[in-house]
Amino acid sequence: MTSAVEAAEGSVLWSQEVLGLRAVVGPGGSVRLGAPGQDGDTLLPLVEVAATGHGRTWSGERFIDTAIGERLAHRGHETVQEGEWHRTTIALADPVTGLTAEVSLRTRPGAGFVRSQVRLVNEGAVPLRLESVSSLALGGLAAGALDGLTLHWADNDWLAECRWRQAPFRDQVVRLNRAAHGHEGRGCFERFSQGSWSTGRHLPVAALTDPTGRAWLWQIESSAGWRYETGEREGAAYVALFGPDDAHHQWQQVLAPGEEFSTVPATLAGVAAGGLDAAFGQLTDCRRRMRRGHPDHTALPVIYNDYMNTLMGDPTTEKLLPLIEAAAAAGAEVFVVDAGWYDDDAQGWWDAVGAWEPSGRRFPGGIQQVLDAVREHGMTPGLWLEPEVVGVRSPLARTLPPEAFFRRGGIRVTEHGRHHLDLRHPAARAHLDRVVDRIVGEWGVGYLKLDYNINVGPGTESGEEGAGAGLLGHHRAHLDWLGAVLDRYPRLILENCGSGGLRMDYAQLALTQVQSTSDQQDPLRCPPIAAAAATAVTPEQAAVWAYPQPHFDPDLIAFTLTGAMTGRIHLSGFLDRMDPEQFDLVRTGLAVYKELRAEIPTGLPFWPLGLPAWEDSWIALGRRGADADWLTLWRRDPAPGDDATGSTRTVPLDHLRGARVTPTLLYPATADAITHWDAAHGRLTVTLPRPDTAVLLRLDRTAPLQET
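All values reported here derive from a predicted model rather than from experimental measurement.

Undergrad: Would you mind showing me how to read the overall build of the protein chain here?
TA: From N to C terminus, the protein chain includes 16 helices and 41 strands. A compact globule built from 708 residues should have a C-alpha radius of gyration of about 27 Å, and the protein chain, at 26 Å, falls within 12% of that. By principal-axis analysis of the C-alpha atoms, the protein chain measures approximately 80 × 75 × 45 Å. The 708 residues of the protein chain split such that 60% are buried. Relative to all contacts within the protein chain whose residues are 6 or more apart in sequence, the contacts with residues 24 or more apart total 69%. In the structure as shown, the protein chain presents an accessible area of about 25,100 Å², 49% of it carried by carbon and sulfur atoms.

Shown next as structure tokens:
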């Protein structure tokens with residue numbers, strides 16, 4: 001590792017041309033990260049660390065300007081190649097506390113992203129209590145041009161996921177006339193998680209864009225607390241990304257001499273041109289490269305799940321067998337028996353779960369009869385599981401040791417009739433290993449839907465460990481358990497479901513193959529979620545419900561199917577009760593999906609009408625491929641005050657301007673859609689004569705127009 005002596009002031013330790021960032025040695029050996037050409041005052045220290053007794057140099061709501069961060073000085077650095085990645089590690093040391101930091105910056109040549117993680121070691125003589133640590137901090141963005149910046153962030157809620165909002169940066173970070181008082185402001189724009197639903201309030205993803213098309217987009221990879229902030233510093237913007245902290249998550253970490261702590265990872269993606277769509281392309285590429293490899297990422301089997309708007313947690317052999325036959329005939333390749341398969345309790349299953357044994361009452365011939373029927377119809381059997389909880393009436397609540405559960409103040413945590421396992425405890429992990437080995441190893445189940453339906457609050461306390469540190473410890477043990485399950489069963493498909501999309505973060509998604517994006521049961525409310533899901537998760541991991549029903553008209557059947565073709569199809573509905581015309585519409589849709597799904601794992605999403613608002617009448621999601629683009633277009637009944645009331649919409653496709661494009665309607669043939677391509681202006685005009693219809697179009701590109 002290069003020594004501090006060799007890195008003089010002004011030395012560039014790391015740079016990323018696409019992002020327009022560099023890490024430079026500043027006065028006193030400090031290392032600062034930000035845009036080139038900016039002085040040290042606009043940039044941020046490479047790491048911001050708040051510790052008890054060592055707070056900030058300027059008090060306020062910001063988590064930057066920490067005393068330790070200002071003191072951390074260059075100690076050495078090195079760059080090594082790890083497969084396709086280049087990892088630069090920059091070592092820093094605080095002469096006052098003896099705290100050292102190793103900042104790992106991982107990127108690829110020519111890529112527009114960097115992943116960052118910080119490892120702290122207490123090399124001092126006394127314990128140090130950490131209160132917040134940045135995973136990534138950078139400044140000097142859009143210096144002198146903050147009035148043109150736009151801030152983008154996403155609200156999230158049950159049934160209403162991925163709701164993107166935008167506002168001028170100056171609406172959130174107002175001009176304060178620093179020269180008049182000689183200080184920065186004390187506030188910032190911040191978003192953070194609360195409790196154990198990492199995306200219960202917001203996505204851990206946000207962005208800044210400017211009018212030239214430059215964009216900076218970030219994500220924090222944590223299920224155990226996260227926070228980001230952006231604001232103004234010396235006339236430029238800064239961004240700071242954190243895992244859990246004391247103020248928002250009751251997180252503190254005491255480092256005794258010799259002990260270490262690593263932050264949660266964070267990723268920054270960006271482009272010099274192309275705006276938010278291009279930045280999401282870079283982030284999508286990064287997400288694909290950072291996750292654990294799995295054959296499901298390219299196979300993309302059609303998943304039938306018996307829950308949504310169908311059995312709703314009340315499966316029996318009698319109800320399942322006709323659904324299995326119909327799902328297979330329609331083209332499903334995985335059949336998942338959702339919640340209720342273990343329910344043998346007269347008082348209901350919600351607060352009695354935990355043993356995960358099949359119900360004899362529901363399956364008189366045994367659950368193997370159902371699983372065998374799935375296999376006999378050429379499908380992979382799947383089961384629903386909520387592994388981290390034990391119902392208060394479950395025998396396991398009494399037989400597992402008290403230390404195997406979340407506790408606060410010495411009292412076992414109870415939430416919505418459930419206790420929460422702490423997977424750091426060997427008894428909790430051994431219990432879940434036995435469950436999985438029985439279901440997967442003995443019964444031959446090839447798909448597990450892993451649900452998570454409670455927000456357990458700040459975490460679990462043990463001894464001197466605070467609740468937030470306990471939650472982070474459990475979170476890391478949970479990830480380790482998921483990895484070990486896949487080590488034993490490498491072809492097992494794991495679905496990440498947090499009551500829909502309430503734990504939709506890339507700590508989970510780097511390991512699990514499928515993400516449930518919502519529990520929304522109204523098909524007309526699904527399009528904004530389906531269209532924006534690719535902002536939170538790669539399209540090939542984003543499962544969208546399609547629940548065609550016998551009482552739906554052909555437009556609504558096609559509407560719910562078309563929206564799911566943007567990523568992964570979560571099929572449901574009483575297919576066995578449909579008439580031949582309805583069933584053929586479903587079967588045709590699945591056949592179309594199977595023809596195009598090979599393109600999904602390499603395509604990049606874009607939003608030609610912008611990221612959707614919740615009440616938008618017209619919503620568009622595109623996918624750019626090597627030889628063609630795909631466009632999903634929804635037309636809903638207009639909301640009150642919506643100007644988009646017509647049956648025709650022009651969709652700008654600027655990247656195709658000047659090209660010969662042949663629009664082909666892939667699905668459904670019943671939409672009566674009319675399309676017209678204007679090559680000179682790069683505009684596709686689509687007419688959908690009826691509201692509450694949707695179409696999937698393929699846009700084949702041929703030679704560009706000859707200039708005249």
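This is not the end of the story, as more comes after the structure.
Undergrad: What is the right way to read the pattern of salt bridges from this model?
TA: Pairs can form between side chains of opposite charge once their charged atoms are near each other. Enumeration over the complete set of coordinates arrives at 47 salt bridges. The closest approach of N and O atoms between Glu 357 and Arg 438, which form a salt bridge, is 3.7 Å. A residue pair is termed long-range when its members are at least 10 positions apart, and Glu 357 in the loop between strand S23 (334–337) and helix H9 (367–376) and Arg 438 in helix H11 (residues 426–442) qualify at 81 residues. Judged by its relative accessible area of 41%, Glu 357 falls in the partly exposed class. According to the relative accessible area criterion, Arg 438 is buried, its value standing at 14%.

Undergrad: Teacher, can you tell me more about unusual backbone geometry here?
TA: Keep in mind that most residues, glycine aside, have a negative phi and that most peptide bonds are trans. Following Tyr 667, the chain continues to Pro 668 via a peptide bond in cis, the omega torsion being -10 degrees. Along the chain, the position of Pro 668 falls in the loop between strand S38 (659–667) and strand S39 (674–678). A positive phi angle is found at Asp 65, which is not glycine, with a value near 60 degrees. Looking at the element boundaries, Asp 65 is found in the loop between strand S6 (49–51) and helix H1 (67–71).

Undergrad: Sorry, what's going on with helix H16 (residues 580–596) here?
TA: For H16, with 17 residues, the first-to-last C-alpha span of 24 Å sits near the 24 Å given by 1.5 Å per residue. Among the residues of H16, Gln 582, Phe 583, Leu 585, Val 586, Gly 589, Leu 590, Val 592, Tyr 593 and Leu 596 are the ones counted as buried. Sitting at the amino-terminal end of H16 is Asp 579, which places a side-chain oxygen 3.1 Å from the backbone nitrogen of Glu 581.

Undergrad: Quick question: what am I supposed to make of the nonpolar core here?
TA: In summary, soluble globular proteins display a tendency toward joint burial of nonpolar side chains. Counting residues in each nonpolar core, the largest one holds 123 residues, and the members touching the most others are Phe 335, Trp 341, Ile 439, Leu 448, Leu 571 and Leu 575. When near neighbours in sequence (up to four residues on either side) are disregarded, Phe 335 contacts Tyr 304, Leu 320, Leu 323, Ile 324, Ala 327, Val 374, Met 379, Thr 380, Pro 381 and Gly 382.

Undergrad: How should the packing of aromatic side chains be read in this particular structure?
TA: Remark: the centre distance and the inter-plane angle together describe each pair of aromatic rings, the angle taken between the planes. Tallying each qualifying case throughout the model produces 17 aromatic pairs. For the pair Trp 85 and Phe 113, a centre-to-centre distance of 5.8 Å together with 55 degrees between the ring planes defines the contact as tilted. Residue Trp 85 is found in strand S8 (residues 85–93), and its partner Phe 113 is found in strand S10 (residues 113–122); the two are separated by 28 residues along the sequence. When the ring of Tyr 342 is compared with that of Trp 349, the centres are 5.4 Å apart and the planes differ by 80 degrees; the resulting orientation is edge-to-face. By the ring-pair criterion, three or more aromatic residues cluster together here, those being Trp 341, Tyr 342, Trp 349, Trp 350, Trp 356, Trp 384 and Trp 443. We note Arg 106 situated over the ring of Trp 85; from NZ or CZ to the ring centre the distance is 4.4 Å. Across from the ring centre of Phe 63, 3.9 Å away, lies the NZ or CZ of Arg 227, which sits over that ring.

Undergrad: Explain the sheet that holds strand S22 (residues 303–305) to me, please; I cannot follow it from the model alone.
TA: Sheet strands pair by backbone hydrogen bonding; their relative direction is either parallel or antiparallel. Strand order in the closed barrel made by the 8 strands is S22-S23-S24-S29-S30-S31-S32-S33, with parallel pairing throughout. Here the average twist between neighbouring strands, direction ignored, is 30 degrees. Docked against the sheet, H9 engages S23 and strand S24 (380–385), running at close to 135 degrees with respect to S24.

Undergrad: Hey, could you run me through the environment of Gly 53 in this one?
TA: On the secondary structure map, Gly 53 appears in the loop between S6 and H1. Note on Gly 53: relative accessible area 73%, which makes it exposed. The spacing of Gly 53 and Glu 403 is 350 residues in sequence and 32 Å in space, taken between C-alpha atoms.

Undergrad: Got a minute to help me understand the packing of helix H8 (residues 317–330) against H16 in this structure?
TA: In contact at an axis separation of 8 Å, H8 and H16 are set at 55 degrees when each is read in the N-to-C sense. Between H8 and H16, the angle is such that the two are oblique. In this structure, H8 uses Ala 326, Ala 329 and Ala 330 to contact H16, whose residues at the interface are Phe 583, Val 586, Arg 587 and Leu 590. Among the residues making up the contact of H8 with H16, the classes are represented as 6 nonpolar, no polar and 1 charged.

Undergrad: In this structure, what is going on with the side chain of Thr 42? I would like to understand it.
TA: By secondary structure assignment, the location of Thr 42 is in the loop between strand S4 (31–34) and strand S5 (44–45). Setting aside chain neighbours within four positions, we find Thr 42 in contact with Gly 139, Gly 140, Arg 233, Glu 234 and Ala 236.

Undergrad: Help me understand the environment of Thr 79, please; the structure alone is not making it clear to me.
TA: Positionally, Thr 79 belongs in strand S7 (residues 73–82). Taking C-alpha positions, Thr 79 is 9.6 Å from Ser 104, a pair spaced 25 residues apart along the chain. Excluding residues that lie within four positions of it along the chain, Thr 79 makes contacts with Arg 87 and Thr 88.

Undergrad: Please clarify how the pairing of strand S12 (residues 150–155) should be interpreted in this entry.
TA: In the case of a regular strand, side chains alternate between the two sheet surfaces. Among the 6 residues in S12, 5 count as buried, and that is most of the element. In this structure, S12 lies alongside strand S13 (residues 163–168), joined through 6 bridges in antiparallel fashion. Paired with Trp 153 across the two strands is Arg 165, which belongs to S13. Sheet topology places S12 next to strand S15 (residues 202–209); 5 bridges connect them, and they run antiparallel. Paired with Leu 151 across the strands is Leu 208, a residue of S15.

Undergrad: What is the right way to look at the sheet that holds strand S40 (residues 683–687) in this model?
TA: Reading across the sheet, the 3 strands line up as S37-S40-S39 and stay open at both edges, with antiparallel pairing between neighbours. At either end of the open sheet lies a strand with only one pairing partner, and these are strand S37 (648–652) and S39. Averaged over all adjacent pairs, the angle separating strand axes in this sheet is 20 degrees, with direction ignored. As paired strands, S39 and S40 are joined by 5 bridges and run antiparallel to one another.

Undergrad: Where do I start with the side chain of His 294 in this structure?
TA: In this fold, His 294 is placed in the loop between helix H5 (275–290) and helix H6 (296–299). His 294 gets classed as buried once you look at its relative accessible area, which sits at 10%. From its side chain, His 294 meets the backbone oxygen of Pro 490 in a polar contact 3.2 Å long. Ignoring any residue separated from it by four or fewer positions in sequence, one finds His 294 in contact with Leu 486, Pro 490, Arg 491, Leu 492, Ile 493 and Gln 513.

Cut-offs applied
- Residues numbered from 1 in each chain as written.
- Predicted model: local features only at pLDDT ≥ 70, side-chain atom pairs only at ≥ 80, totals over all residues.
- Heavy atoms only, no water.
- Helix = DSSP H or I, 4+ residues; strand = E, 2+ residues; numbered from the N terminus.
- Rg over C-alpha atoms; globule rule 2.2 N^0.38 Å.
- Buried < 20%, exposed > 50% of the residue type's maximum accessible area, 1.4 Å probe, protein only.
- Contact = heavy atoms within 4.5 Å.
- Areas by Shrake-Rupley, 256 points an atom, 1.4 Å probe, with all protein chains shown as cover.
- Salt bridge = Lys/Arg side-chain N within 4 Å of Asp/Glu carboxyl O.
- Expected span 1.5 Å × (residues − 1).
- Polar contact = N/O pair within 3.5 Å; in protein donor to acceptor, adjacent residues only side chain to side chain.
- Core = buried A, V, L, I, M, F, W, Y, C linked by side-chain atoms within 4.5 Å.
- Phe/Tyr/Trp six-rings, centres within 6.5 Å; stacked < 30°, edge-to-face > 60°.
- Lys NZ or Arg CZ within 6 Å of the ring centre and 35° of its normal.
- Pairing = 2+ DSSP bridges.
- Axes fitted to C-alpha atoms, helices over the stretch in contact; angles between N-to-C directions.
- Parallel < 35°, antiparallel > 145°, perpendicular 65-115°, else oblique.
- Nonpolar A, V, L, I, M, F, W, Y, C, P; charged D, E, K, R; others polar.

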